[in-house]
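Topology and contacts: notes
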Amino acid sequence: MSERNFLKNSTNYTYIPIDLRCPLNREVDIVIQKVQQYRSFWDEETWKVIEKNVQALESLGKILIDPFSTLEIVMNRLVFQEKYAHAFASEHFTTKLAETNARLGTNIQVRVPKMLVINPNVQKPADVAAEATNIGLRFPAIFKIKDSSSSANSHKMAIAVSLSALEEVEASTFFKDSEHIIQELIPHDQEIHKIYAIGMDVRDKVNGSLPNITKEVLHGKDWIIVDSQKPFADQLVYEKKVPGKKHELVMPIIQLIADVTVNLFSVSIFGIDIIVDSLTGDYYLVDLNYFPGFKGIPDFVPLMERHISSIYNAKKGSQAN
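Residues numbered from 1 in each chain as written. Predicted model: local features only at pLDDT ≥ 70, side-chain atom pairs only at ≥ 80, totals over all residues. Heavy atoms only, no water.

The next thing to look at is the packing of helix α3 (residues 77-89) against helix α4 (residues 91-104). The axes of two packed helices give the description: the angle between them and the distance between them. Across the interface, α3 lies against α4 with an axial gap of 5 Å and an inter-helix angle of 60°. As the angle between them shows, α3 and α4 are arranged oblique. Note on element contacts: α4 touches α3 through E91, F93 and T94, opposite A87, F88 and A89. When its residues are assigned to classes, the contact of α3 with α4 shows 4 nonpolar, 1 polar and 1 charged. (Axes fitted to C-alpha atoms, helices over the stretch in contact; angles between N-to-C directions. Helix = DSSP H or I, 4+ residues; strand = E, 2+ residues; numbered from the N terminus. Parallel < 35°, antiparallel > 145°, perpendicular 65-115°, else oblique. Contact = heavy atoms within 4.5 Å. Nonpolar A, V, L, I, M, F, W, Y, C, P; charged D, E, K, R; others polar.)

Below is the structure:
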């Protein structure tokens, strides 16, 4: 492939696109990759070739930004949410959070939404309702097909306002035969904070999101089916608001969450989605992405290139020793 500037406005580096399905035949100093996002498009044999080529790069002493082996974990929502839940409940994190709250005069807790993974072949609707009650799952809740690649209805989701509607959703056509996830829908005033991290630098950008779910929003119903491929504003009843940082984040607490992410997954270029519970003010981590688009981050290029230089100099220094 021909050389080109992969990052706009870059004057410090030349970026060369590479295909990890093929052995690298160009001289490079450092490799940046986000190949995991294409995982579902490739068969197992292709994936084995990619892994072999990555191992060859590592054996040659090529510097990869972020370990290839950990990135597949980041792509698995069930795995990373469970890891976050354990980390946020750990003594180390709760102590750090308590110290930060005390220093700043705040009382913010950090959580992930509670979630259930349902196999309708072994769990009856009444069993699911009992399990939701047992773990204290809050409503409203959203129901999503677990394996998005195996179902024609993978873009269909249900939203229910109360536990009493759960059994009806479980018995519905879309969920009665498919493994699915039930997750709390935390009220957050139509704002979601896109947290972008590059190395030690963290940025916050606010985007629009779902409204606080009530029966009125669901056309007066206890639950409805929605299509994630269509605008929610066309399927729900609410007044769409312009995002405006109704909830200003406490950035030292966001830095604690970013530090947890780095320690859990050994990643340094990532995005996390944070919502603020409109009832309690607590922070909920609802998503994690490796190497997101950084849309709307004006200083992305200098941040990225500073990080590249830092990684390169640190690893070259360690190799020299």
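What follows concerns the pairing of strand β4 (residues 115-118). Burial along β4 is one-sided: the residues L116 and I118 are buried and none of M115 and V117 is. Two elements, β4 and strand β7 (residues 180-184), share 4 bridges in a ladder whose sense is antiparallel. Looking across to β7, one finds that I118 is bridged to H180. (Buried < 20%, exposed > 50% of the residue type's maximum accessible area, 1.4 Å probe, protein only. Pairing = 2+ DSSP bridges.)

This next bit is on the sheet that holds strand β10 (residues 223-227). Adjacent strands of a sheet form backbone hydrogen bonds with each other and so pair up, either parallel or antiparallel. Judged by pairing direction, the sheet is antiparallel, and its 5 strands sit side by side in the order β4-β7-β5-β6-β10 without closing on themselves. The sheet is open, and its two borders are formed by β4 and β10, each paired with just one other strand. Strand-to-strand twist of the sheet, defined as the mean angle between neighbouring strand axes without regard to direction, takes the value 20°. Both strand β6 (residues 156-160) and β10 contribute to a ladder of 5 bridges, which runs antiparallel.

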